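An overview of the molecular structure
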Amino acid sequence: MTRMPNIITATPDMSVIEAGKLLLLHKVDSLPVVEKQSSRHAIGKITKNRIFQHFIEIGMKTINN
């Protein structure tokens, strides 16, 4: 038998910073987004690349204002 993997998830109410910290802490490239913490129903995915893109867009808005 194999053990159930410890899957790290994000929830819709998490901030971008919280999700990013989870990605770094657990050294993963993406997190499934679930309806609530104990749920197994994935409703999306957040990636390191998407978080990076988010902060670049914020930075570009700041520069252009």
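This write-up is about the structure you can find in this document. (Residues numbered from 1 in each chain as written. Predicted model: local features only at pLDDT ≥ 70, side-chain atom pairs only at ≥ 80, totals over all residues. Heavy atoms only, no water.)

Summarising the element assignment, Thr-11 is placed in the segment before helix 1 (16-26). Under the relative-accessibility criterion, Thr-11 is labelled buried at 10%. Excluding residues within four positions of it along the chain, Thr-11 makes contact with Val-33, Val-34, Lys-36 and Gln-37. (Helix = DSSP H or I, 4+ residues; strand = E, 2+ residues; numbered from the N terminus. Buried < 20%, exposed > 50% of the residue type's maximum accessible area, 1.4 Å probe, protein only. Contact = heavy atoms within 4.5 Å.)

As a further point, take the environment of Ser-39. When you line up the elements, Ser-39 lands in the loop between strand 1 (30-34) and strand 2 (42-47). The exposure class assigned to Ser-39 is buried, which follows from its relative accessible area of 16%. Among the polar contacts listed, one links the side chain of Ser-39 to the backbone nitrogen of His-41, at a separation of 3.0 Å. (Polar contact = N/O pair within 3.5 Å; in protein donor to acceptor, adjacent residues only side chain to side chain.)

These results come straight from atomic positions and should not be treated as a statement about function.
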